[in-house]
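# Observations on chain architecture
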Amino acid sequence: MRTLVIDNPASRMHRVPPGHPEHEGRYTAVREALAGLAQPVWHAAKPSGIAAVERFHTADYVERVRAACLTAGPSEWIALDLDTKVCRESWDAALATAGGAIDAVDRIMAGDADAAFCLARPPGHHAEPDRAMGFCLLNSIAIAALHALDVHKLSRVAIIDIDVHHGNGSQCLAEIDERVFFGSLHQSPLYPGTGAAAETGLNGNVVNLPLMAGTGGAAWREAFETGLRPALAAFRPDFIFVSAGFDAHERDPAGGLALLEADFAWAATELASLAAEFASSRLVSVLEGGYDCPALGRSAAAFVHALAEA
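So, a few notes on the structure that sits alongside this text. (Residues numbered from 1 in each chain as written. Predicted model: local features only at pLDDT ≥ 70, side-chain atom pairs only at ≥ 80, totals over all residues. Heavy atoms only, no water.)

Along the protein, the regular secondary structure elements total nine helices and ten strands. Its C-alpha atoms give the protein a radius of gyration of 17 Å, near enough to 19 Å, the size a compact globule of 310 residues would have. Across its three principal directions, the C-alpha atoms of the protein cover 50 × 40 × 40 Å. Sequence-distant contacts in the protein: of pairs separated by 6 or more residues, those separated by 24 or more amount to 76%. Taken as a whole, the protein presents about 10800 Å² of accessible surface, with 55% of it coming from carbon and sulfur. Looking at charge distribution, the protein has the averaged site of its 23 positive side-chain charges lying 5 Å from that of its 38 negative ones. (Helix = DSSP H or I, 4+ residues; strand = E, 2+ residues; numbered from the N terminus. Rg over C-alpha atoms; globule rule 2.2 N^0.38 Å. Contact = heavy atoms within 4.5 Å. Areas by Shrake-Rupley, 256 points an atom, 1.4 Å probe, with all protein chains shown as cover. Lys, Arg positive; Asp, Glu negative; His and termini not counted. Charge placed at Lys NZ, Arg CZ, Asp CG, Glu CD.)

The structure is reproduced here in structure tokens:
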């Protein structure tokens, strides 16, 4: 697949307190790993406009996050929840993260590429329409999905979440919009406590595949093949979005699954195949979790290399 990397250097501006797991070193680790790949074409992310963000988030929430960031002192952090902290520059980083995902959609719809990987932080898949959660400020994957539907007039899109944590914020979108399919493979029990198999959305447009701690690559792949692929094939999306978290890696401290780099490469190949079959090869992935930096870099590189080779 002709693959782009949409890079958000403003990710470094989103500073967090010392010891916080979602730190700027995550961005650096992935960027350095992807720099060694020959295939992708790189583009710089552009900030999103507020109207695009408010397709998913409420205007009141957007203003609360913006105000929190802009009122922070030069060396101050403001807590949006127990583990989601912002500094003065976090707003610019979050807007560029959302804007990068939107730009990826526009470039693919224009025929410039088949797939894109958005290298950016802060992550987004826990952010709900009216609240921050789990290190996440703006739900870039949901914002980009609605951009594809409302601006490019597509009929159906799918969000596939491979992060070790359930993407509760992205599921919120599918629960109110039958044009959106949401599928997640995640560890359970684990933060945020959502994602039970019984959560099926509107007319079955939500598929949750909770997995026990210790689940390795073979069982994870089987769950994808038997639980996710048939439902996605039945939905037949026009565009596939991927919340590309890599904290299901066996070395990651934030979860208890046991995936390896080869499993993320396999997932990229399978997702590219599904995109080619149903979605005119349109696929946008956005970086979510991953907190062991060496494993994160290797996993992201394996994923993007597999996309480019698909």
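There is more to say, and it comes next.
This brings us to the environment of P21. Among the structural elements, P21 can be located in the loop between strand 1 (3-7) and helix 1 (25-35). For the pair P21 and L296, spaced 275 residues apart in the sequence, the C-alpha separation amounts to 12 Å. When residues no more than four places from it in sequence are discounted, the contact partners of P21 are R26, F135 and Y291.

It is worth spelling out the nonpolar core at this point. Generally speaking, soluble globular proteins have nonpolar side chains that are buried together. Core analysis: the biggest nonpolar cluster contains 50 residues, and L34, F117, W220, I240, F246, L283 and F303 have the highest contact counts within it. It is helix 8 (residues 261-278) that contributes the most residues to this core, nine residues altogether. Listed in part, the 49 residues of the second largest apolar core include V65, I78, L95 and V105. (Core = buried A, V, L, I, M, F, W, Y, C linked by side-chain atoms within 4.5 Å. Buried < 20%, exposed > 50% of the residue type's maximum accessible area, 1.4 Å probe, protein only.)

For the structure on display, the rule yields 16 salt bridges. Here D60 makes a salt bridge to R64, at a shortest N to O gap of 3.0 Å. Of the two residues, D60 and R64 both sit in helix 3 (residues 59-71), four residues apart, roughly one turn of that helix. According to the relative accessible area criterion, R64 is partly exposed, its value standing at 41%. In this structure, the salt-bridge partner of D263 is R221, at a minimum N-O distance of 2.9 Å. Placement of D263 in helix 8 and of R221 in helix 7 (residues 217-235) is noted, with a sequence separation of 42 residues between them. By relative accessible area, D263 is classed as buried at 7%. Residue R221 is classed as partly exposed on the basis of its relative accessible area, which comes to 25%. Salt bridges linked by common partners bring E22, R26 and R121 together as one network. (Salt bridge = Lys/Arg side-chain N within 4 Å of Asp/Glu carboxyl O.)

Another aspect to go through is the pairing of strand 10 (residues 283-287). With five of five residues buried, strand 10 lies mostly within the body of the structure. Side chains L283, S285 and L287 project from strand 10 onto one buried face, and the interleaved V284 and V286 project onto a second face that is buried too. Of the strand pairs in this sheet, strand 5 (residues 115-119) and strand 10 are connected by four bridges, and their pairing is parallel. Following the sheet pairing, A116 is matched in strand 10 by V284. Bridge count for strand 9 (residues 239-244) against strand 10 is five bridges, and the pairing is parallel. Each residue of the ladder has a partner; that of F241, found in strand 10, is V284. Of the crossover connections in this fold, the one passing from strand 9 over helix 8 to the parallel strand 10 is right-handed. (Pairing = 2+ DSSP bridges. Right-handed = clockwise from strand over helix to strand, strands pointing away.)

Okay, the pairing of strand 9 next. Within strand 9, six of the six residues are buried, which leaves the element mostly enclosed by the surrounding structure. Side chains F239, F241 and S243 of strand 9 all project onto a buried face; the interleaved residues I240, V242 and A244 project onto the opposite face, where all are buried too. In the sheet, strand 6 (residues 157-161) pairs with strand 9 via five bridges, with the strands oriented parallel. Across the sheet, I159 pairs through a bridge with F241, a residue of strand 9.

Between the first and last C-alpha of helix 7 there are 25 Å, a value that for 19 residues agrees with the 27 Å anticipated at 1.5 Å per step. A bend of about 35 degrees at L228 is the largest found in helix 7, and the proline P230 appears one to four places after it. Those residues of helix 7 that are buried are in contact with strand 6, strand 7 (180-187), strand 8 (206-211), strand 9 and helix 8. (Expected span 1.5 Å × (residues − 1). Bend = angle between axes of the 7 residues up to and from the residue.)

Glancing now at unusual backbone geometry. Of note, the amide linkage connecting S188 to P189 takes the cis form, showing an omega dihedral of 5 degrees. Phi is positive for K153, which is not a glycine, with a value near 60 degrees. You can see K153 is positioned in the loop between helix 5 (140-150) and strand 6. Residue classification places K153 among the exposed positions, given a relative accessible area of 65%.

Here we take up the sheet that holds strand 5. Read from one edge of the open sheet, eight strands run 2-1-5-10-9-6-7-8, paired in parallel fashion. Both edges of this open sheet fall to strand 2 (41-44) and strand 8, since each of them pairs with a single strand only. Across the sheet, the axes of successive neighbouring strands diverge by a mean angle of 15 degrees, strand direction being ignored. Packed on one face of the sheet, helix 1 meets strand 1, strand 2, strand 5 and strand 10 and runs near 140 degrees to strand 5. (Axes fitted to C-alpha atoms, helices over the stretch in contact; angles between N-to-C directions.)

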